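This is what each chain is made of:
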There are 2 protein chains.
Amino acid sequence: MAQGDVKLIGAWPSPFVLRARIALNVKSVDYEFLQEQFGAKSQLLLESNPVYKKIPVLIHESKPICESLIIVEYIDEVWSSGPSILPTDPYDRAVARFWAVYIDDKWFPAMKGLATAKGDEERKALVEQVGEGLGLLEEAYVKSSKGKAFFGGDEIGYLDIAFGSFLGWIRATEKMGGVELIDEANTPGLVKWAESFSSNPAVKDVLPETDKLVEFAKILQAKHSGSS
Amino acid sequence: MAQGDVKLIGAWPSPFVLRARIALNVKSVDYEFLQEQFGAKSQLLLESNPVYKKIPVLIHESKPICESLIIVEYIDEVWSSGPSILPTDPYDRAVARFWAVYIDDKWFPAMKGLATAKGDEERKALVEQVGEGLGLLEEAYVKSSKGKAFFGGDEIGYLDIAFGSFLGWIRATEKMGGVELIDEANTPGLVKWAESFSSNPAVKDVLPETDKLVEFAKILQAKHSGSS
């Protein structure tokens, strides 16, 4: 398959960058991974994403594509000879897109807030909010997987990538906060899904290790609090 | 074309609902328009969009599809025999999706803020922000239309619908606030585009009249300030 010149501007801890990496792996596309230095933005990033100046940016044949979910759709459309990432049925596609947007707009902000929550009350409210979201995603999983391993059925698909990109950070958050977010009691389907997802060939070599993320989070927190 | 049973839960002043209506018109799909009463949510809406409880919801063969941009893509995929709404080239599709997300996440919040801005300073900052966004969209229009009438070329496409759905509200905001947002001096391309868009057969009968929107906005403002 003539794949052309493919570069990805990113950073290993970013769940959004991970989406692009997994999608490229699903399609067996080789790419050059250009990692940004934390706290500095490269000239290439500033030129490639002048509106947001944010990673990830996929550069394909010198053309930049921004926004992680848009990148995943682009990869699916360009390398259409590989396994399909989006479901083929328009309704299933709409459902997968709906939950992906939900994750980014509603669920992730609560999840992100957990790391910097001040006081027990704020923390408790956020854990509840994150849990509610996971409850909805559990339902969506049971409904759309129809007993198979992934949201998309037998193969990793769009919603698996959109949600699974956070799996490392979910585990890191559980470890740091002493909470269980995905567990047998509340989200037994997602427990099974998380196992299948993290051991999948397109994922296992790029999903960051929990301990490395915890370490990275501690460095970040120390920087924010001005103690390092 | 067997189109099946199509209903749209919406309300006439909503730009997001308008997106679905224009997309259905582009594909010549007949639908039942179920208008929500302002300030009350119907049982059908609550059941069809339990996560957000928001319009628009497209109901096709009893299946609900939520989120306006997802609805537009769904319409494009299901009624694929009509004119294509998304560009066919994957890169052009990514660019159109990028600007659509930009409009919803960055530009519209500033535009919406204008209506309730307190004081001259906040107002001025918002007018500037809205203007900057329109400047970016002017550039995007010049680049992607290649001298043709629409962002998508000769025919109305995804980004035309995503942005054009706000045209009525842009005009109402100009009228209420005594400002020019889309004008010959700063956005000559968008002036031309706005003319083509509002006179297009898929748009002209559903684009709300500026005066009706101004009247609606005044009622809203009066309600918010508690004077009615």
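- Per an unreviewed UniProt entry, chain A goes by the name glutathione transferase and belongs to Erythroxylum novogranatense.
- Per UniProt, the comment on chain A under Catalytic activity (unreviewed entry) is "RX + glutathione = an S-substituted glutathione + a halide anion + H(+)".
- Under Sequence similarities (unreviewed entry), UniProt gives the following word-for-word description of chain A: "Belongs to the GST superfamily. Tau family."

1. Quick look at the sheet that holds strand β3 (residues 57–60) of chain B
All names here are of chain B.
At step 1: The four strands lie next to each other as β2-β1-β3-β4, forming an open sheet whose pairing is mixed. The open sheet terminates on both sides in strands that have one partner only, identified here as β2 (32–35) and β4 (63–66). When the angles between neighbouring strand axes are averaged without regard to direction, this sheet yields 25°.
At step 2: Summarising the sheet, strand β1 (residues 6–10) and β2 pair through four bridges and their orientation is parallel. Bridged to Leu8 within β2 is Phe33.
At step 3: Sheet contacts for helix α1 (residues 15–26): β1, β2 and β3; angle to β1, the most-contacted strand, approximately 155°.

2. Thoughts on the relation of the copies chain B and chain A
At step 1: Superposing chain B onto chain A takes a rotation of 180° plus a shift of 0.0 Å along the axis, which leaves an RMSD of 0.0 Å. Here the copies are linked by what is in effect a two-fold axis. Within chain B, Asp105 of chain B has its C-alpha nearest the rotation axis, a separation of 4.9 Å.
At step 2: Residue by residue, 100% of the interface of chain B is reproduced at the interface of chain A, so both copies engage with the same surface.

3. Looking at the interface of chain B and chain A
At step 1: Each partner contributes residues to the interface: chain B has 24 residues there, and chain A has 24 residues.
At step 2: Carbon and sulfur atoms make up 71% of the surface buried where chain B meets chain A, a total of about 2200 Å² over both sides.
At step 3: Its largest share of buried area at the contact with chain A, chain B owes to Tyr52, Tyr91 and Phe98 of chain B, together 28% of the area lost on that side.
At step 4: Counting every contact that joins chain B to chain A gives six salt bridges.
At step 5: Residue Arg97 of chain A is joined to Glu77 of chain B by a salt bridge in which the shortest nitrogen-to-oxygen separation is 3.1 Å.
At step 6: Per element, the largest residue contribution to the side of chain B that touches chain A is 10 residues, and it comes from helix α4 (residues 90–116) of chain B.

4. Here we look at unusual backbone geometry
At step 1: Between Ile55 of chain A and Pro56 of chain A the backbone carries a cis peptide bond, its omega angle lying at 0°.
At step 2: In this structure, Lys53 of chain B is a non-glycine residue whose phi angle is positive, near 55°.
At step 3: Note that Lys53 of chain B resides in the loop between α2 (43–48) and β3.
At step 4: Look at Lys53 of chain B and you get partly exposed, because its relative accessible area is 36%.

Reading guide: rules and limits
- Residues take numbers from 1 onward in each chain, read along the sequence in its written order.
- Note on labels: chains are lettered from A, ligands numbered from 1, in written order.
- The model is predicted, so local features are restricted to residues of pLDDT at least 70 and side-chain atom pairs to those at 80 or more, both for listing and for counting; the totals for chains, interfaces and linings are taken over all residues.
- By convention in this description, side-chain values take in all heavy atoms of the structure and omit both hydrogens and water.
- UniProt positions are given in the numbering used here, feature names are shortened, and annotations may be inferred rather than shown by experiment.
- When DSSP finds two or more bridges between a pair of strands, those strands are recorded as paired.
- Numbered from the N terminus, helices here are DSSP runs of H or I no shorter than four residues, and strands are runs of E no shorter than two.
- Under this scheme, a helix contributes an axis fitted over its contacting stretch, all axes are lines through C-alpha atoms, and angles between N-to-C directions fall in the 0 to 180 degree range.
- Two residues form a contact once any of their heavy atoms are found within 4.5 Å.
- For the least-squares superposition of copies, only C-alpha atoms count, and only for residues with pLDDT at least 70 in both.
- Here the quantity called buried area is the total loss of accessible area, with a 1.4 Å probe, experienced by two parts when brought into contact, counted for both.
- A pairing counts as a salt bridge when a side-chain nitrogen of Lys or Arg comes within 4 Å of a carboxyl oxygen of Asp or Glu.
- When accessible area is computed with a 1.4 Å probe and restricted to protein chains, residues below 20% of their type maximum are described as buried, those above 50% as exposed, and intermediate ones as partly exposed.

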